[in-house]
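The chain contents come next:
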Amino acid sequence: MQTKRTLLSAAAFALLAATSAAWAQNQGKLKVGFMLPATGTFASLGTAIDNGFRLYVAEQGGKIAGREVEFVRVDDESDPSKATDNVNKLIKRDNVDVIVGTVHSGVAMAMAKAAKESGTLLIIPNAGAAAVTGPMCAPNIFRSSFSNWQPGYAMGEVATKKGHKRIVTITWKYAAGDEAVKGFKDGFEKGGGNVIKELSLPFPNVEFQALLTEIAALKPDAVFTFFAGGGAVKFVKDYSAAGLKKSIPLYGSGFLTDGTLEAQGADAADLLTTLHYGDNLNTKRDQSFRLSYAKTYKLQPDVYAVQGYDAGQILGIGLNATKGDAKNITGFAQAVRAAKIDSPRGPFILSKSHNPVQDIYLRKVVGKENVIEGIASKALADPGLGCKM
Ligand code: BEZ
């Protein structure tokens, strides 16, 4: 027999559910503004992020916190000079509830500035710029990916363990390259290693020949690099064609070989990289994600797809806590900060500055896969220098 109290709480619950549904309805559709590259060297990275995010939304029946999701998309071309105009299209013209983007660190910094000024929610599904979870950090800015420092630092420790002493670095001259190299140096030099030369070229230039000739002349023990997307494909092929792969080991932040192996073919064989994802995690969580991604897109997922999916998860956690209210930044941030995010990469939490604290894996290219050899750095947190929240 039901007591008065249970009858009352059942009625209260029904009323609450009806009110929440009505509240979600009143708020209308949830407008998600994707600012991602659709052209240029990072175009395929943008597609994978978009795919991953939409897969998460589809798993929720097309709704987050009861609100039907609508997408608008801007191609940012990985061009920092167009970034402020592009992000303002989403904030001011399209009036989006949340911005999801982007890949390129320079573009992400302009987006963070605009998000901070307008108070719009921003979830960064790739760009690893230190500034956005450092001096520019804010309660409404979150990152589902990594900081550029993290994989670099882990690889610095790996290179030390391998006994290397003299290393040359080579990258694009912009925030991502500079910070990946800084991470590598922090990990490598604390073990007594020495970076003897830092080589770079402007983004997205891929004329590597003169720099490869310089590497051959310097005869280092090994080379550390950050390149991604189309540039990574060309670099790995050119390194091999220059005859360097046989004599000087090449190490990288894992973007060097993620989402690129089909195009790199045998030139990428056996390369060692460090990253927060790999192709053979063999956990139930990852296997179900991979199966569902492959079924939906007829493609294998890569790290970018995982980061897009986890950007969706962060949005879901925050908005479920605020009943779909994207303006309640305090409630959103409280929920996300308290959450353990059940990522295909393995569970992770966000640091105080809203960057993932996560395991960084050592991977080796075998055929078309980045096969995990072990954990290079356990629960690695970015220092988040300069973040005051
Ligand atoms: C970046 O600009 O932060 C970035 C771009 C591609 C892959 C990884 C990082």
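Residues numbered from 1 in each chain as written. Predicted model: local features only at pLDDT ≥ 70, side-chain atom pairs only at ≥ 80, totals over all residues. Heavy atoms only, no water.

Engineer: Outline the site of the ligand, supporting the account with residue identities and numerical values.
Structural biologist: Taken together, 15 residues surround the ligand, and among them Val103, Ser105, Gly128, Tyr174 and Ala176 come closest. Take serine 105: an N or O atom from its side chain is 2.6 Å from an oxygen atom of the ligand. Asparagine 148 places a polar side-chain atom, nitrogen or oxygen, 3.5 Å from an oxygen atom of the ligand. Surface burial for the ligand is 100%, taken as the share of its 260 Å² of free accessible area covered by protein chains. More than half of the atoms belonging to the ligand lie within 2 Å of the grid points that define the largest cavity. The residue makeup of the shell around the ligand, split by class, is 10 nonpolar, five polar and no charged. Domain assignment of the residues forming the shell around the ligand places at least three in each of domain 1 (11-146 + 282-354) and domain 2 (149-275). (Near = heavy atom within 4 Å. Polar contact = N/O pair within 3.5 Å; in protein donor to acceptor, adjacent residues only side chain to side chain. Areas by Shrake-Rupley, 256 points an atom, 1.4 Å probe, with all protein chains shown as cover. 1 Å grid on protein atoms, 1.4 Å probe; cavity = no way out; pocket = protein on both sides within 12 Å on 5 of 7 lines; lining within 4 Å. Sits in = over half its atoms within 2 Å of the grid points. Nonpolar A, V, L, I, M, F, W, Y, C, P; charged D, E, K, R; others polar. Domains from an automatic or database assignment.)

Engineer: Could you give me a rundown of the packing of helix α2 (residues 43-59) against helix α10 (residues 284-297), with the residues and numbers involved?
Structural biologist: Close contact between α2 and α10 brings their axes to 11 Å; oriented N to C, the two are set at 105 degrees. Accordingly, the angle class assigned to the pair α2 and α10 is roughly perpendicular. Residues Ala48, Asn51, Gly52, Arg54, Leu55 and Glu59 of α2 lie in contact with α10, whose contacting residues are Phe289, Ser292, Tyr293, Thr296 and Tyr297. Its residues placed into classes, the contact of α2 with α10 shows five nonpolar, four polar and two charged. (Axes fitted to C-alpha atoms, helices over the stretch in contact; angles between N-to-C directions. Helix = DSSP H or I, 4+ residues; strand = E, 2+ residues; numbered from the N terminus. Parallel < 35°, antiparallel > 145°, perpendicular 65-115°, else oblique. Contact = heavy atoms within 4.5 Å.)

Engineer: Explain the state of the cysteines to me, using residue names and the numbers behind them.
Structural biologist: Scanning the entire structure with this criterion turns up one disulfide. With its sulfur 2.2 Å from that of its partner, cysteine 137 forms a disulfide with cysteine 387. Residues cysteine 137 and cysteine 387 are joined through a disulfide that is right-handed, its torsion about the S-S bond being 85 degrees. One end of the pair, cysteine 137, is in the loop between β5 (121-124) and β6 (141-143); the other, cysteine 387, is in the segment after β14 (369-380), with 250 residues separating them in the sequence. Note on cysteine 137: relative accessible area 2%, which makes it buried. Owing to a relative accessible area of 22%, cysteine 387 belongs among the partly exposed residues under this scheme. (Disulfide = S-S within 2.5 Å. Buried < 20%, exposed > 50% of the residue type's maximum accessible area, 1.4 Å probe, protein only.)

Engineer: Provide a residue-level description of the domain arrangement of the protein, including the pertinent values.
Structural biologist: Segmentation of the protein into domains returns domain 1 (11-146 + 282-354) and domain 2 (149-275). For domain 1 versus domain 2, the distance between C-alpha centres works out to 30 Å. On the side of domain 2, 16 residues touch domain 1, which itself brings 16 residues to the contact. Of the roughly 1200 Å² buried at the junction of domain 1 and domain 2 (both faces included), carbon and sulfur atoms supply 65%. The tally of links from domain 1 across to domain 2 stands at zero salt bridges. (Buried area = accessible area lost by both parts, 1.4 Å probe. Salt bridge = Lys/Arg side-chain N within 4 Å of Asp/Glu carboxyl O.)

Engineer: Hey, could you go over the side chain of aspartate 94 for me, with residue numbers and the actual values?
Structural biologist: Structurally, aspartate 94 can be placed in the loop between α3 (83-93) and β4 (98-100). A residue is classified by how much of its surface remains accessible, and aspartate 94, at 12% relative accessible area, is buried. When sequence neighbours within four positions are dropped, the list of residues in contact with aspartate 94 reads Lys31, Val72 and Lys89.

Engineer: Before we move on, can you summarise the environment of tyrosine 239 with the specific residues and values?
Structural biologist: Among the secondary structure elements, tyrosine 239 is positioned in helix α8 (residues 229-241). In sequence terms tyrosine 239 and glycine 28 are 211 residues apart; their C-alpha atoms lie 53 Å from each other. Excluding residues within four positions of it along the chain, tyrosine 239 makes contact with Leu212, Val223, Leu244, Lys245, Ile248, Pro249 and Leu250.

Engineer: Provide a residue-level description of the packing of aromatic side chains, including the pertinent values.
Structural biologist: Throughout the structure, instances matching the rule amount to 23 aromatic pairs. Aromatic side chains tyrosine 56 and tyrosine 309 sit 5.9 Å apart centroid to centroid with 90 degrees between the ring planes, which places their arrangement in the edge-to-face category. A residue pair is termed long-range when its members are at least 10 positions apart, and tyrosine 56 in helix α2 and tyrosine 309 in helix α11 (residues 303-321) qualify at 253 residues. Neither tyrosine 56 nor tyrosine 309 differs from the other in exposure class; each is buried. Plain terms: the ring middles of phenylalanine 289 and tyrosine 293 are 5.9 Å apart, the flat faces sit at 40 degrees to each other, and that makes the pair tilted. Note that phenylalanine 289 and tyrosine 293 are positioned in helix α10 at a spacing of four residues, about one turn of the helix. Here the aromatic cluster, defined as three or more aromatic residues joined through ring pairs, consists of Phe42, Trp172, Tyr174, Phe203, Phe208, Phe227, Phe235 and Tyr239. The aromatic ring of phenylalanine 71 is capped on one face by arginine 54, whose charged end is 4.2 Å from the ring centroid. (Phe/Tyr/Trp six-rings, centres within 6.5 Å; stacked < 30°, edge-to-face > 60°. Lys NZ or Arg CZ within 6 Å of the ring centre and 35° of its normal.)

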